[in-house]
Structures are given as C-alpha cells and as structure tokens.
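For reference, the chains in residue letters:
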Amino acid sequence: MESQNYKNHVRFYAPHHFVFLPLLIILEGMGIYKIFSDKQNQLAWILFSVVIFLIFYLAIMLRQHYALVLQNRMVRLEFRQRYFEIFGLRSDEAEEKLTFSQIAALRFAYDDEFKVFLEKALKENMKSDDIKKSITKWRADLHRV
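Anyway, here's the lowdown on the structure attached to this text. Because the structure is predicted, anything quoted here is derived from the model rather than measured.

## Comments concerning the environment of Met30
Argument step 1. Secondary-structure assignment places Met30 in helix α1 (residues 14-37).
Argument step 2. Measuring from C-alpha to C-alpha, the distance between Met30 and Arg139 comes to 50 Å, with 109 residues separating the pair along the chain.
Argument step 3. Discounting residues that sit within four places of it in the chain, Met30 has contacts with Trp45 and Phe48.

Written out as structure tokens, the structure reads:
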C-alpha cells in the first residue's frame, strides 16, 4: 500500500462522488433548463427540480449525520475505555448519570483533571461548558468531523 501524503490523502467513494451526486446535478440542471424551455409543462419541471434538489440536499446531510453519529459513539467508547483504564471498573453506572455533552467535555481533560471533573459532574451535575472552562491543561482533539 502506498504511504499517505498530501497528494493522495483525499478519499472518494466512487458510487457517491462520481455517479450519484453528478447524476443529481445533471438532473437538476436539466430540470432548470426545462423550466424555461418547456412552458407547457413548466409546473411539472418546477416540481421535478424541487424534488431533485431535496434528494441532493438529503444525500449530503445524511452523509454528515452518519459521520456525527459514529463520532458520538466513538466518544462514548473512548469514555468507557478511559474510565476502565483509570478506575479498573466498568463505566455503566457513571455513564447513565452523565449527559453526552458532559462525556464529550470530559475528554478534553487529562487523567488527573478527568477524575476531578467526573466527580463534580456526577455529584454536582457540572455542566459541559463549565467542565471545558475549568480545564487547565487542555487535551486537544484534532480528529473530530
């Protein structure tokens, strides 16, 4: 396998990027053209164009939604793993009491602060924004979608 570099780091999914989306763009262009050239069926072409645009929009938004849902699952998994590494216990009980935003905020804290803020989040229901503001040594996450 070729090593990754700037020239080859972009990834494409051929059916999506080179078939489905271009086909929708072509159909949308055709629909807009027909709106102005086929006056007899103008309303039908307007409806056609609106439907194609909505399908195009939905395809793009669903792709982003799936990535975010997967990312949130990984944040939870990271929390469970970290909790186990620090405390040697399953995180089920703690995780049930925390909101997702609290769990996401805790990941920016290094282990020593993680323990403190986890306890505050559980006992005092510390808000995620307050957790983030209280972190003194920020643990960056540069891999979010």
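Picking up after the structure, the text goes on.
## So, empty space enclosed by the protein
Argument step 1. Under the defined criterion, the tally for this structure stands at one cavity of 30 Å³ or more.
Argument step 2. Residue lining of the largest cavity: Val75, Glu78, Phe79, Arg82, Ile103, Leu106, Arg107 and Phe114, and that is the complete set.
Argument step 3. Breaking the lining of the largest cavity down by element, the ones donating at least two residues are α2 (42-87) and α4 (100-106).
Argument step 4. When residues of the lining of the largest cavity are assigned to their parent elements, the largest contribution, four residues, is made by α2.
Argument step 5. Considering only residue class, the lining of the largest cavity consists of five nonpolar, no polar and three charged.

## Some points on the layout of surface pockets
Argument step 1. Taken as a whole, the largest pocket encloses approximately 250 Å³ of empty space.
Argument step 2. As for the largest pocket, its lining consists of twelve residues, of which Gln71, Met74, Arg107, His143 and Arg144 are closest to the centre.
Argument step 3. Of the residues that constitute the lining of the largest pocket, the class distribution is six nonpolar, two polar and four charged.

## Some details on the side chain of Arg107
Argument step 1. On the secondary structure map, Arg107 appears in the loop between α4 and α5 (111-124).
Argument step 2. Classification of Arg107 as buried rests on a relative accessible area of 12%.
Argument step 3. Residues within four places of Arg107 in sequence aside, it is in contact with Val75, Glu78, Arg82, Arg139, Asp141 and Arg144.

Conventions used here
- Residues numbered from 1 in each chain as written.
- Predicted model: local features only at pLDDT ≥ 70, side-chain atom pairs only at ≥ 80, totals over all residues.
- Heavy atoms only, no water.
- Helix = DSSP H or I, 4+ residues; strand = E, 2+ residues; numbered from the N terminus.
- Contact = heavy atoms within 4.5 Å.
- 1 Å grid on protein atoms, 1.4 Å probe; cavity = no way out; pocket = protein on both sides within 12 Å on 5 of 7 lines; lining within 4 Å.
- Points joined across faces, edges and corners; volume = space filled by probe spheres on them.
- Nonpolar A, V, L, I, M, F, W, Y, C, P; charged D, E, K, R; others polar.
- Buried < 20%, exposed > 50% of the residue type's maximum accessible area, 1.4 Å probe, protein only.

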